[in-house]
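Below, each chain spelled out in residue letters.
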Amino acid sequence: MNQCQQPGQSEEQEEVTGLVCQEDHLKDGEMKEVTVGDQKVLLVRTHGQYSAVGSQCSHYNAPLVKGALVGDRVRCPFHGACFNVRTGDIEEYPGLDCLPSYKVKVEDGKVYVSISTKTLKLTKRVKEMCSLVPEIKHTILLIGGGPASLVCAETLRQNCYQGRIIMVTKDTLPPFDKPKLSKAMNLDSSSILLRSSEFYQQYGIEVWTQREVVSVNPAEKAVKLNDGILQHYDQLLISTGCRAQPLSCPGCNLQGVKLLQSYEDAKDIHSSCLGQRAVIIGASFIGMEVASFLSDKAASVAMVGTTRYPYERSLGTEIGKMTMQMLEEQNVKFYMNDRVTEIKGENGKVKEVVLNSGTVLEADVVITGIGVIPNSDFLAGSEVEMDSRKAVIVDKFMRTNIGDIFSAGDVTSFPLAIRGDQRVNIGHWQMSQAQGRVAALNMLNKPTKIESIPFFWTVLLGKSIRYTGYGEGYTEIIFKGKVEERKFLAFYIKDEVVVAAASLMFDPAVARLAELMASGHVLKKAQAQADDLTWLQM
């Protein structure tokens, strides 16, 4: 196949065809899961026409029939990935791959779906990509090995960029599924890799692991690496993410005090805590997920937080209280409205954690989750503009203040469309991927703005809380369902408008809200207050 040949240009192939329904079975805006051969297919009707695509989200295989269909795209109920129901192409993240799309024929009032026998077993489709042409003397350098860099590289190849792509990462692994590290800390490395080594080779993407950029010289269009090598670039992406903020108290350097940043950190924390006394500092997303994971593995788990309840600032008191009760039922002990003043040791190893209240916690391992710091120190002297937190400032096109230097992911401060272009720093996996795509398109002079709706999830004891929007500064929360029954939908209100939503066991409400926000709907407080939520079906 030609390097940039489009789908649908291949020769005729043998097909399996199935009668899936009568023509009048679905109304516009409806979808149904049907079976053709042994393959489950998502059948959709929009604008009076039927289309058929793969039925499982390419991220974690969620059933898309349970998601939100708005216009020509379906949004996954679990983590918010979006797919075009006509082409199967991925339009919003997380996930990397598209859905297979199938031929639909309507004849004599009956709907038939045909699948090529060659692709019958496939549940996802890698978008067509070109590869490297060595004669093209143009280099795009990606600093950082996270989701923004990977999606940037893939988007470049999907759009027929055939120059050199180099990804530099200090990690030992090529891009991996980092959100899993705090949810399942004992995974084998091969199970969390986002792409295989063969993939990078096939598409001419160089991945330099265990190497770090220590300085950037925009005038010379070169970076210096920690091994002293200078590497030229024509265009540069800064996507170095953030690092965990360490404790700064007496004893914070004792053996047994740990941060969760890398795959090796996760494995180390897991093995160090088995049958041991673990103290977790920081009662927010990372700390709570680690506490959840360790609750049936460590001898004891204690959680120290500075607020009354976990997530109090982000999700609110009611949800925080509920999550605290969930973990208390698994014997996690909470020490809230408190902070660490000292860690005491014996023979260089952690023995006790002393709190401001005077409480002393016995400890073998201390895990810190108290916030993050942008990885931007290497930009000192480069004149790349940063904010007060040292996050890299970009515009809607992911451009920095310096020509040919772009930035994406957790390291950025960017204008958020749904908040009137308020400059924000959002550490969401999905947003990093979206920004990587936007950066790539703009590198190729295909003007594209970042307009994604924030969407993230957290998992506690197998239960997922989903969240969409941007709730900073909310003044009120309106609940549907009952938080104490652990089945609810929460609307976050600011200036009489719904600015964010969170849910537990209330799918696909948050996915549908994200789609409504994405299509420009302004959701009023009165709508959230109404007993009738049929407006969610718009």
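In this numbering scheme, every chain counts its residues from 1 along its sequence in written order. Predicted model: local features are reported for residues with pLDDT of at least 70 only, side-chain atom pairs are reported and counted for 80 or more only, and whole-chain, interface and lining totals are derived from all residues. Side-chain metrics in this entry use all non-hydrogen atoms of the structure; hydrogen atoms and water are not considered.

- In the nomenclature of an unreviewed UniProt entry, the protein chain corresponds to Apoptosis inducing factor mitochondria associated 4 from the organism Seriola lalandi dorsalis.
- UniProt positions are given in the numbering used here, feature names are shortened, and annotations may be inferred rather than shown by experiment. UniProt lists a comment for the protein chain under the heading Sequence similarities (unreviewed entry), and it reads "Belongs to the FAD-dependent oxidoreductase family."

Details of the packing of helix H4 (residues 285-294) against helix H5 (residues 317-328)
Right, so step 1: One can describe the packing of H4 onto H5 by two numbers: an axis separation of 10 Å at closest approach and a directional angle of 25°. If you check the angle between H4 and H5, you find them roughly parallel. Taken as a pair, H4 and H5 cross one another with a handedness that is left-handed. Counting all contacts with H4, which are made through Met288, Ala291 and Ser292, the residues of H5 involved are Thr323, Met324 and Leu327.
Right, so step 2: Residues of the contact of H4 with H5, tallied by class, amount to four nonpolar, two polar and no charged. For every element, the axis is a line fit to its C-alpha atoms; helices are fit only across the contacting stretch, and the angle between N-to-C directions ranges from 0 to 180 degrees. The secondary structure listing takes helices from DSSP runs of H or I that are at least 4 residues long and strands from runs of E that are at least 2 residues long, numbered from the N terminus. Each angle receives one of four descriptions, namely roughly parallel if under 35 degrees, roughly antiparallel if over 145, roughly perpendicular if within 65 to 115, and oblique otherwise. We call a crossing left-handed when the near helix sits turned anticlockwise from the far one by less than a right angle, and right-handed when that turn is clockwise. In what follows, residue pairs with any heavy atoms lying within 4.5 Å of each other are defined as contacts. All residues other than Ala, Val, Leu, Ile, Met, Phe, Trp, Tyr, Cys, Pro, Asp, Glu, Lys and Arg, Gly among them, are scored as polar; the first ten of these are nonpolar and the last four charged.

Digging into the pattern of salt bridges
Right, so step 1: We define a salt bridge as a side-chain nitrogen of Lys or Arg found within 4 Å of a carboxyl oxygen belonging to Asp or Glu. For the structure shown, the criterion picks out 28 salt bridges.
Right, so step 2: For Asp421, the salt bridge goes to Lys396, with nearest N and O atoms at 2.8 Å. On the criterion of sequence distance, the pair formed by Asp421 in the loop between strand E30 (412-416) and strand E31 (422-424) and Lys396 in the loop between strand E28 (392-393) and strand E29 (405-407) is long-range, its members being 25 residues apart.
Right, so step 3: Bridged by salt links that share partners, the residues Arg73, Arg75, Glu91 and Glu515 form one connected network.

Here's the deal with the sheet that holds strand E26 (residues 365-368)
Right, so step 1: An order of E19-E26-E20-E21-E22 is seen for the five strands of this open sheet, with the pairing classed as parallel. With partners counted over all chains shown, the strands left at the sheet margins are strand E19 (257-259) and strand E22 (332-335), one partner each. Across the sheet, the mean angle from the axis of one strand to that of its neighbour is 25°, orientation sign disregarded.
Right, so step 2: We treat two strands as partners when DSSP finds at least two bridges between them. Where E19 meets E26, three bridges bridge the pair, whose relative direction is parallel.

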